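Here are the chains, one letter per residue:
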Amino acid sequence: MADLGLGTAGLGNVFGDVDDEAAAEVVAAAAGAGVRYFDTAPYYGFGLAERRLRPALARLPAGSFAVSTKVGRTLTDGGCVFDFSADAVRRGLEGSLERLGLDRVDIVYLHDPDDHEEQAASEAWPELRRLRDEGVVSAIGVGMNQWEMPTRFVERLDVDVVLLAGRYTLLDRSGARLLDLCGERGVDVVLGGVFNSGLLIDPRPGAWFDYAPAPEDLLARAQRMREVAASAGYDLAACALAFAAAHPAVTSVLVGATSAEQVRANAEAFRREVPPDLLRRLVSR
């Protein structure tokens, strides 16, 4: 059964300013709700999300949580640049470990190698394998907002886990082939972006879908879904989470938050059991 994880892009001020106190409250609320998987990346606030995770993780018992971070979007003095060379992968992970205050992490993903597929496969991936062999990381994979390239990685390489954002939701099920392939090959799937930038929480005029204003047709679909869910006594957000968690290849569902209240609401929605028949009705809509 899939568990709930915390995505930390919001802790890096990616979606707006969050102060240190609020960031600490987010992680504390997640831990209090039973969340034990935390996903981060150097790109989130140019290291800020990782630095903010450090004191929170230090308060949790050793071995009681899992952390994933990412390589390929490398921190430089001028910001983040794409670099999937072997040296950049190793240096990037070393920087993440220092910011996190850890000597190892559970998962490292290649971060959005959309325009760098060959270098990611031929240079970054062998270095990730070496890091896995050295015990610095337990599992290696790729994290993207598309399903096509991760499918090729699963077909070509010894991928342990895929982080897929936004491509397997109630509104966008284009990633179903990738999830089925992962299930066949024993590759774990972590799903992010299951609310499609909030449209599957509150589908109102002006809502966003995948980091941009939602098209009218998708807004209308989401509104019809909300009506169907409400008629059965369920929030659309709970249905979106249940749909994501239902695929047998999915091991974790990542949800971000910028306040402790959001964390608790997401955790409560995730715990709600949604009838499979209702999910089928929503998909058919």
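These lines cover the structure that appears in this document, whether it is placed above or below. Keep in mind it's a predicted model, so treat the numbers as computed, not measured.

The rules behind these values
- Residues numbered from 1 in each chain as written.
- Predicted model: local features only at pLDDT ≥ 70, side-chain atom pairs only at ≥ 80, totals over all residues.
- Heavy atoms only, no water.
- Salt bridge = Lys/Arg side-chain N within 4 Å of Asp/Glu carboxyl O.
- Helix = DSSP H or I, 4+ residues; strand = E, 2+ residues; numbered from the N terminus.
- Buried < 20%, exposed > 50% of the residue type's maximum accessible area, 1.4 Å probe, protein only.
- Phe/Tyr/Trp six-rings, centres within 6.5 Å; stacked < 30°, edge-to-face > 60°.
- Lys NZ or Arg CZ within 6 Å of the ring centre and 35° of its normal.
- Axes fitted to C-alpha atoms, helices over the stretch in contact; angles between N-to-C directions.
- Parallel < 35°, antiparallel > 145°, perpendicular 65-115°, else oblique.
- Left-handed = near helix turned anticlockwise from the far one by under 90°.
- Contact = heavy atoms within 4.5 Å.
- Core = buried A, V, L, I, M, F, W, Y, C linked by side-chain atoms within 4.5 Å.
- Patch = residues over 30% accessible without salt bridge, like charges linked within 9 Å, V, L, I, M, F, W, Y side chains within 5 Å.
- Areas by Shrake-Rupley, 256 points an atom, 1.4 Å probe, with all protein chains shown as cover.
- Polar contact = N/O pair within 3.5 Å; in protein donor to acceptor, adjacent residues only side chain to side chain.
- Arc of directions from axis to C-beta.
- Pairing = 2+ DSSP bridges.
- Right-handed = clockwise from strand over helix to strand, strands pointing away.

## Focus: the pattern of salt bridges
In the structure shown here, the tally under the stated rule is 19 salt bridges. Among the ionic pairs, Glu127 bridges to Arg130, the shortest N-O distance being 2.7 Å. Of this pair, Glu127 and Arg130 both sit in helix H4 (residues 117–133), three residues apart, which is roughly one turn of that helix. Judged by its relative accessible area of 6%, Glu127 falls in the buried class. One salt bridge connects Asp202 with Arg226, and the closest N-O pair in it is separated by 3.5 Å. In this pair, Asp202 sits in the loop between strand E9 (188–192) and strand E10 (208–209) while Arg226 sits in helix H7 (residues 216–231), placing the two residues 24 residues apart along the sequence.

## Section: the packing of aromatic side chains
Counted by the stated rule, this structure contains three aromatic pairs. Centre to centre, the rings of Phe82 and Phe84 are 6.4 Å apart; their planes meet at 20°, and the pair counts as stacked. For Phe84, a relative accessible area of 0% gives the class buried. Residues Tyr168 and Phe243 carry aromatic rings whose centres are separated by 4.8 Å and whose planes lie at 20° to one another, so their mutual orientation is stacked. With Tyr168 in the loop between strand E8 (161–165) and helix H6 (176–185) and Phe243 in helix H8 (residues 236–246), this pair connects stretches of sequence that are 75 residues apart. Judged on exposure class, the residue Tyr168 and its partner Phe243 are both buried. Residue placement shows Arg73 over the ring face of Tyr43; its charged tip is 3.7 Å from the ring centre.

## Re the packing of H8 against helix H9 (residues 260–271)
Running from N to C, H8 and H9 point in directions that differ by 60°, and their axes come no closer than 8 Å. As the angle between them shows, H8 and H9 are arranged oblique. In this structure, H8 meets H9 at a crossing whose hand is right-handed. Taking contact as the criterion, the partners of Ala238, Leu241 and Ala245 in H8 are, on H9, Asn266, Ala269 and Phe270.

## Here's the deal with the nonpolar core
Core analysis: the biggest nonpolar cluster contains 98 residues, and Phe38 and Leu110 have the highest contact counts within it. With nine residues, H8 is the largest single contributor of residues to this core. Apart from residues lying up to four places away in sequence, Leu110 is in contact with Val71, Phe84, Ala120, Ala124, Trp125, Leu128, Gly141, Val142, Gly143 and Phe153. Membership of the second largest hydrophobic core comes to eight residues, among which are Ile107, Leu163, Val190 and Leu254.

## Some details on a nonpolar patch on the surface
Together, Val14, Phe15, Trp208 and Tyr211 give the surface a local cluster of nonpolar side chains, amounting to about 470 Å² of exposed area. With respect to the element layout, Trp208 can be found in strand E10. On the basis of relative accessible area, Trp208 is assigned to the partly exposed category, the value being 43%.

## What to know about the side chain of Ser252
Within the secondary structure layout, Ser252 lies in strand E12 (residues 250–256). Polar side-chain contacts of Ser252 include one of 2.5 Å to the side chain of Asp3. Not counting chain neighbours up to four residues away, the residues in contact with Ser252 comprise Ala2, Asp3, Tyr37, Val189, Val190 and Leu191.

## Side note on H6
Among all positions of H6, only Leu178, Leu179, Leu181 and Cys182 are buried. Down the axis of H6, the buried set is contained in an arc of 160°. They therefore lie on one face. More than 90 degrees from the buried face of H6, the exposed residues found are Arg177 and Glu184. Where H6 is buried, its residues contact helix H5 (148–156), E8, E9 and E12.

## Re the pairing of E9
Most of E9 sits inside the fold, with four of its five residues counted as buried. For E8 and E9, the ladder comprises five bridges, and the chain directions are parallel. Bridge assignment links Leu164 to a residue of E9, and that residue is Leu191. Of the crossover connections in this fold, the one passing from E8 over H6 to the parallel E9 is right-handed. For E9 and E12, the ladder comprises three bridges, and the chain directions are parallel. Looking at the pairing, Leu191 lines up with Val253 of E12.

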